[in-house]
Amino acid sequence: MSYQEEYRRSLDNPEGFWRDKAGALAWYKQPETILATDENGVARWFVDGELNTCYLALDVHVEQGRGEQTALIYDSPVTSTQRRYTYAELRDEVAVFAGALAQLGVGRGDRVLIYMPMVPEAAIAMLACARLGAVHSVVFGGFAPGELKVRIDDAEPVVIVSASCGVEVGRVIPYKPLLDAAIELAQHKPGHCIILQREQAQADLLPGRDLSWSEAVAGATGVDCVPVLATDPLYILYTSGTTGAPKGIVRDNGGHAVALHYSMKAIYDIDPGDVFWAASDVGWVVGHSYIVYGPLIAGCTTVLYEGKPVKTPDAGAFWRVIAEYGVKAIFSAPTAFRAIRKEDPAGKLPGKYDLSGLKTLFLAGERLDPPTYEWLRELFRRPVVDHWWQTETGWAIAANMMGIEAVPTKPGSASYPVPGYDVRILDAEGNELPAGEQGAIAIKLPLPPGCFPTIWRDHERFVSGYLEQFPGYYVSGDGGYFDEDGYLFVMGRTDDVINVAGHRLSTGELEEVVGSHPAVAECAVIGIVDSLRGQIPVALVCLKDGVETPASTVEAEVVQLVRDTTGAVACLRQTLVVGRLPKTRSGKILRGILHKIADGEPYRAPSTIDDPVVLDELTELMRQRGVGCFAPDGG
Ligand code: COA
Ligand code: AMP
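Residues numbered from 1 in each chain as written. Chains lettered and ligands numbered in written order. Predicted model: local features only at pLDDT ≥ 70, side-chain atom pairs only at ≥ 80, totals over all residues. Heavy atoms only, no water.

Novice: With reference to specific residues and values, describe the site of ligand 2.
Specialist: Residues in contact with ligand 2 amount to 15 residues; listed here are only the nearest, Asp386, Thr391, Asp478, Arg493 and Arg504. Note that a nitrogen atom of ligand 2 is positioned 2.8 Å from one of the backbone N or O atoms of His387. Here Thr391 contributes a side-chain N or O atom positioned 2.5 Å from an oxygen atom of ligand 2. Burial of ligand 2 by the protein chains amounts to 93% of its free accessible area of 490 Å². Grouping the constituent residues of the shell around ligand 2 by class yields four nonpolar, five polar and six charged. (Near = heavy atom within 4 Å. Polar contact = N/O pair within 3.5 Å; in protein donor to acceptor, adjacent residues only side chain to side chain. Areas by Shrake-Rupley, 256 points an atom, 1.4 Å probe, with all protein chains shown as cover. Nonpolar A, V, L, I, M, F, W, Y, C, P; charged D, E, K, R; others polar.)

Below, the structure is given as structure tokens:
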């Protein structure tokens, strides 16, 4: 079947299309109603189907004869560890850990927060929750107590699963003090914490509340999978919104399993038994979908890598992993390959490894810049596939469907809409724009299976944030256009979300943290172009009258405050104390102009600007301080 035929069928007869795809899975009760509308008026898939996602990821493969196949490879250059789990071993470990959670009172619908580094126990904890019908919420290990606290209060977990430490390049990061600080700050207190003690750092346990992973499993026996409804939540994953608190993206069980299973073959061209590696982190949506659930539901071998693309130990790390395990497809963020290219520009290191098993490189998380694309193409002479997606959708919205019909790629484009997604480009009034014209990228409702049906305990925010602007459409928050050949070009966010090394952050949220510094009267955080990370945030702050602390001290304190509250991963390394910020006469800060100055782009001051001279002052300051395009290396 051609891509066009598959795509047309998905839109012309969505129920027939998705009924077929759902039929490939081992449901306890096959769904009869494929598409229905819930009490909120949101389209829901497979409403009367019953399944268990852990059963689909593990047990069914053991029952069908894959028990001895490797399910998961743990490769950790930072701890010099390599470990393999067969499907049978992983199922047994997950069943016992589910038993441990059940003993602590976790049942269907209860939340479990998982704050862990890239260790197999993170995946085991996720799958154990799925086994019980409980709802996990994984928090990325690079987040600091402030971010963790917000998630604890919103998800209200019965149990938190964590580890004594994470291991970064040449540095051990104790997690337990961060977790304790977050629980201290939070209003909601979990009943128990299960802590994986790693040999790099031992955590102090609080008697009565905390128990070690080994204690928890020692007294537990394996439990079976609990059937849940297709529409029951599998997980909540928090992501940055435009302002304020992060949004708890809810993923249901049925649509998710069907969509991921379909995607493994249709997008990634991966068959059961193949080795698939998503070089991401379980704390992000890519990790949820393509380190844990997708490859396991498809009966593949997944790689869980605790390391970096560079420095663990060198820029050949990715090629070593691909060669060592026979990886057929790798999925990572462009920033990872920019980091590799920076250290190995001539591409010498891949030559040291046997990469003959590698068929395709997939990239997502941020725009794949044409120079990185060309470098990879030149080096590997095999498909380099840019695909576009979001935490909200859980799987790709636009891609080159390698398992259906590989189409020629175009640099800078994520190729075609994925079957199930009716993608349109709209102008500010909601009118559809013709090919070649840039506008808001929207998806005509209903969204396909796998996409979020709501925001955890805040359906109003789901409606106001995504559906209200253009009735009948989901608004993605990204801008872009279709070319004459129907290729989609995603050009960047239209809101204040920025993308730092493939990590999604909100400048609004960062402004709240910066603004909480006692010396700061007002501030603007802008995302500026960075040659390695894509974008990085820079804070411009005005001090309160009468503040006597030297500007350089406040600047250093603001940087530290963001590290301590949001996390080092925000990469806010530059703060500038400024006399004033550019504003309109009505007092709105002109953030757009600020980042244009920092990026060296032309801009025109709006007629509503209060005092245009401030722009010259700021340009001069950025030049003196080497911000963005004024940096010695050009940013
Ligand atoms: N736990 C604790 N700290 C973490 C962390 C974690 N899981 N992940 C990152 N950090 C810290 C880093 O140690 C660093 O700290 P520092 O400021 O003290 O040096 C800081 O957060 C910034 O991290 P990062 O941007 O990752 O910088 P880096 O120099 O360690 O690595 C790259 C740079 C480009 C190699 C790295 O960002 C990368 O591999 N990016 C790919 C991202 C990705 O896969 N995204 C998922 C979407 S598919
Ligand atoms: P996240 O929810 O963290 O996955 O981030 C989603 C955002 O990352 C999208 O809204 C885009 O802005 C950006 N993004 C992801 N993939 C791509 C891509 N292939 N091209 C351009 N932007 C992308």
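Now that the structure is up, let's keep going.
Novice: Any details on helix 2 (residues 14–22)? Residues and values, ideally.
Specialist: Turning to helix 2, its buried residues number three or more, namely Gly16, Phe17, Trp18, Lys21 and Ala22. Lining the buried residues of helix 2 we find helix 1 (3–12), strand 2 (43–45) and helix 9 (253–266). (Buried < 20%, exposed > 50% of the residue type's maximum accessible area, 1.4 Å probe, protein only. Helix = DSSP H or I, 4+ residues; strand = E, 2+ residues; numbered from the N terminus. Contact = heavy atoms within 4.5 Å.)

Novice: How would you sum up the site of ligand 1? Please name residues and give values.
Specialist: Inspection of the region around ligand 1 gives 24 residues, with Glu168, Arg171, Arg533, Arg563 and Arg573 positioned closest. Contacts to ligand 1 include Gly141, whose backbone N or O atom sits 3.4 Å from a nitrogen atom. Considered class by class, the residues forming the shell around ligand 1 number 12 nonpolar, six polar and six charged. Split by domain, the residues of the shell around ligand 1 number at least three in each of domain 1 (3–307 + 387–480) and domain 2 (496–630). (Domains from an automatic or database assignment.)

Novice: I'd like a rundown of the side chain of Asp386, residues and numbers included.
Specialist: Tracing the backbone shows Asp386 in strand 20 (residues 384–386). The contact partners of Asp386, leaving out residues within four places of it in the chain, are Leu363, Leu368, Ala399, Ser413 and Ala414.

Novice: Before we move on, could you go through the side chain of Asp281 and cite the residues and values that matter?
Specialist: Considering the arrangement of structural elements, one finds Asp281 in the loop between strand 16 (275–278) and helix 10 (285–297). Notably, Asp281 is buried but unbridged: the nearest opposite-charge side chain belongs to Lys308, and the N-O separation is 7.8 Å. Side-chain polar atoms of Asp281 contact the backbone nitrogen of Gly283, separated by 2.7 Å. Each residue touching Asp281, except ones within four places of it in the same chain, is listed here: Met118, Phe140, Gly287 and Ile291. (Lys, Arg positive; Asp, Glu negative; His and termini not counted. Salt bridge = Lys/Arg side-chain N within 4 Å of Asp/Glu carboxyl O.)

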